[in-house]
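Coordinate inspection notes
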Amino acid sequence: MQPSSFPRRLALLAALAAAAFAPLALAATPVQGYKVVRSYPHDPDAFTQGLFFHDGFLYEGTGLRGRSSVRKVELETGRVLQAVELPPEVFGEGITRWGDRIIALTWQEQTAFVLDLKTFKLWRKFSYPGEGWGLAHNERELVMSDGSAELRFLDPLSFKELRRVKVTADGRPLTQLNELEWVEGEILANVWQTDRIARIDPKTGRVTGWIDLTGLLAGPQRPHPDAVLNGIAYDAKAKRLFVTGKLWPRLYEIQLTAPR
Ligand code: DDQ
Ligand code: CA
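Overview of the structure.

Here is what the cut-offs are and how they apply
- Residue indices follow the written sequence of each chain, beginning from 1 at its first position.
- Written order determines the labels here, with chains lettered from A and ligands numbered from 1.
- Reporting of local features is limited, given that this is a predicted model, to residues whose pLDDT is at least 70; pairs of side-chain atoms are given and counted only at 80 or more, and all residues count toward the totals for whole chains, interfaces and linings.
- Think of the side-chain values as coming from all heavy atoms in the structure, minus any hydrogens and water.
- Neighbouring residues are identified by heavy atoms, a residue being near a molecule or strand if any of them is within 4 Å of it.
- Polar contact criterion, stated in full: a pair of N or O atoms within 3.5 Å, where within protein one must be able to donate a hydrogen and the other to accept it, and residues adjacent in sequence count only if both atoms are side-chain atoms.
- Surface accessibility in these figures is a Shrake-Rupley result with a 1.4 Å probe; residues are shielded only by whichever protein chains are displayed.
- Following the grouping adopted for this structure description, the nonpolar residues are Ala, Val, Leu, Ile, Met, Phe, Trp, Tyr, Cys and Pro, the charged ones are Asp, Glu, Lys and Arg, and the polar ones are all others, Gly among them.
- Sites may look incomplete, because water is not among the atoms used; the donor set itself consists of N, O and S atoms within 2.8 Å of the metal (3.2 Å for Na, K and Ca).
- The rule is simple: four donors are tetrahedral if all their angles sit between 85 and 135 degrees, four are square planar and six octahedral if opposite donors span more than 155 degrees and the others lie between 65 and 115, and anything that fits none of that is irregular.
- Starting at the N terminus, helices and strands are each numbered in turn, a helix being any DSSP run of H or I of at least four residues and a strand any DSSP run of E of at least two.
- Throughout, exposure labels follow a simple rule: accessible area from a 1.4 Å probe, protein chains only, divided by the maximum for the residue type, with under 20% read as buried, over 50% as exposed, and the rest as partly exposed.
- In this analysis, strands are considered paired if DSSP registers two or more bridges between them.
- The convention used is that axes are lines fitted to C-alpha atoms, helices contributing only their stretch in contact, and that angles between N-to-C directions extend from 0 to 180 degrees.
- Here a cavity is any set of points on a 1 Å grid over the protein atoms alone where a 1.4 Å probe fits but cannot get out, and a pocket is any open set with protein on both sides within 12 Å along at least 5 of 7 lines; a residue lines the site when it has an atom within 4 Å of a point.
- Grid points are joined across faces, edges and corners, and a volume is the space filled by probe spheres set on the points.
- Any two residues whose heavy atoms approach within 4.5 Å at even a single point are treated as in contact.
- Each Phe, Tyr or Trp ring (for Trp, its six-membered ring) is paired with any other whose centre lies within 6.5 Å, and the angle between the two planes then decides the class: stacked below 30 degrees, edge-to-face above 60, tilted in between.
- Comment: the charge-over-ring label is applied if NZ (Lys) or CZ (Arg) is within 6 Å of the ring centre and within 35 degrees of the ring normal.
- Counted as salt bridges are all cases of a side-chain nitrogen of Lys or Arg within 4 Å of a carboxyl oxygen of Asp or Glu.

**Looking at the site of ligand 1**
Inspection of the region around ligand 1 gives Q49, L64, F91, E93, W107, W133, N178, W192, H224, D226 and K246 as its neighbouring residues. Take Q49: an N or O atom from its side chain is 3.2 Å from an oxygen atom of ligand 1. The side chain of E93 places a nitrogen or oxygen atom 3.0 Å from an oxygen atom of ligand 1. When ligand 1 is considered free in solution it has 440 Å² of accessible area, and contact with the protein chains removes 81% of it. When its residues are assigned to classes, the shell around ligand 1 shows five nonpolar, three polar and three charged.

Right, here's the structure in full:
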């Protein structure tokens with residue numbers, strides 16, 4: 001090995017350090033825009049808290065105490081084909097499907113309802129600590145948000161918590177993760193009270209990109225300050241991405257545009 005002089009070693013060290021820190025310095029998280037492919041009617045009385053697509057239909061969970069429900073919705077018309085009300089004392093939150101069950105969280109009641117996908121009959125309930133916000137699943141687990149920066153992974157049969165991952169954006173914890181959707185190996189999360197969806201790497205919790213939906217339903221068209229963007233559903237077969245919001249009159253199929 002060639003003994004290198006002290007200044008040369010120093011230069012090498014400096015170069016190594018620069019290389020190591022460069023990704024941090026440059027890594028502003030990319031922001032993507034959107035294009036509306038099509039829009040559909042959406043029940044303006046639905047305080048959307050959960051959304052998924054299955055076998056040609058949308059399934060929606062709604063919130064507000066006394067108005068919480070789980071529904072099956074016809075995409076093209078927004079017509080509610082089937083619905084069950086949750087007990088009036090609970091505030092409905094995220095929903096997802098596991099096999100032929102629908103799992104529905106509640107905000108502060110620490111209770112989840114497990115319904116039959118076809119009949120909407122109550123199969124069982126289970127409880128969990130803390131708040132319930134968003135819910136989604138991959139092939140093995142359920143993933144839920146609770147308003148903090150942590151996502152919990154649950155066993156879909158026992159509903160036991162398996163692990164957690166902390167979500168960070170540019171190195172800082174990202175809280176207020178609301179409705180969730182598992183899309184092609186990533187987790188999409190609405191950030192409550194913003195027009196943004198975070199694209200989250202499920203392994204590391206890192207936000208790899210933002211989807212900026214500003215203008216999708218412009219401020220003046222929103223019926224209420226709480227009528228925020230919430231609700232992401234993915235039709236994996238046709239690769240269609242749907243989004244809506246609480247009390248929004250429309251639901252949108254969107255396509256993402258290149259990062260700017
Ligand atoms: N969470 O969905 C973020 C978890 C809770 C939202 C609670 C918002 C309550 C507002 C009530 C406004 C009535 C229109
Ligand atoms: Ca969803």
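Continuing now.
**Here's the deal with the coordination of the calcium ion (ligand 2)**
Looking at the calcium ion (ligand 2), the protein donor atoms are L51 (O), E179 (OE), E179 (OE), L180 (O), E181 (OE) and I232 (O), and they sit 2.3 to 2.9 Å from it. Given six donor atoms and angles of 48 to 174° at the metal, the environment of the calcium ion (ligand 2) is assigned as irregular. As a motif over one chain, the donors of the calcium ion (ligand 2) read L-x127-E-L-E-x50-I. Here E181, found in strand β17 (residues 177–183), pairs with I232, found in strand β21 (residues 229–235); they are 51 residues apart in sequence, far enough to count as distant. Side by side, E181 and I232 carry an identical accessibility label, which is buried.

**Brief notes about the sheet that holds strand β22 (residues 240–245)**
The sheet built from four strands is open, its strands ordered β2-β23-β22-β21 with antiparallel pairing. The open sheet has two edge strands, β2 (34–41) and β21, and neither has a second partner. Neighbouring strand axes in the sheet, compared pairwise and without regard to direction, differ in orientation by 30° on average. In this structure, β2 lies alongside strand β23 (residues 250–256), joined through seven bridges in antiparallel fashion. Looking at β23, one finds that P41 is bridged to R250.

**A short note on empty space enclosed by the protein**
Applying the stated criterion across every chain, the model contains one cavity of 30 Å³ or more. Estimated volume of the largest cavity: approximately 50 Å³. Lining the largest cavity we find P41, H42, D43, L58, E60, V73, E74, L75, G78 and L251. Residues belonging to the lining of the largest cavity are distributed by class as follows: five nonpolar, two polar and three charged.

**What to know about the side chain of N178**
With respect to the helices, strands and loops of the structure, N178 is situated in strand β17. Setting aside chain neighbours within four positions, we find N178 in contact with Q49, E93, W133, G134, S145, N190, W192, N230 and K246.

**Quick word on the packing of aromatic side chains**
Inspection of the entire model under this criterion finds nine aromatic pairs. Taking 5.6 Å as the distance between ring centres and 25° as the angle between the ring planes, the aromatic pair formed by F53 and F242 counts as stacked. Of the two residues, F53 is situated in strand β3 (residues 48–54) and F242 in strand β22; the sequence distance between them amounts to 189 residues. Across this residue pair, the class does not change: F53 and F242 are buried. Look at W248 and Y252: their rings are 6.3 Å apart centre to centre, the planes differ by 80°, and that puts the pair in the edge-to-face class. The buried category is assigned to W248, whose relative accessible area is 0%. Among the residues examined, Y252 registers a relative accessible area of 7% and is labelled buried. Feature note: the residues Y40, F53 and F242 constitute an aromatic cluster, connected by ring pairs. We note R101 situated over the ring of W123; from NZ or CZ to the ring centre the distance is 3.4 Å.

**Thoughts on the pattern of salt bridges**
This model, assessed by the stated rule, comprises 15 salt bridges. Among the ionic pairs, E184 bridges to K239, the shortest N-O distance being 3.3 Å. Of the two residues, E184 sits in the loop between β17 and β18 (186–191) while K239 sits in the loop between β21 and β22, which places them 55 residues apart along the sequence. Between E186 and R199 there is a salt bridge whose closest N-O contact spans 2.6 Å. Of this pair, E186 sits in strand β18 while R199 sits in strand β19 (residues 196–200); the two residues are 13 residues apart in sequence, bridging distant segments of the chain. Relative accessible area serves as the criterion here: at 18%, E186 is assigned to the buried category.

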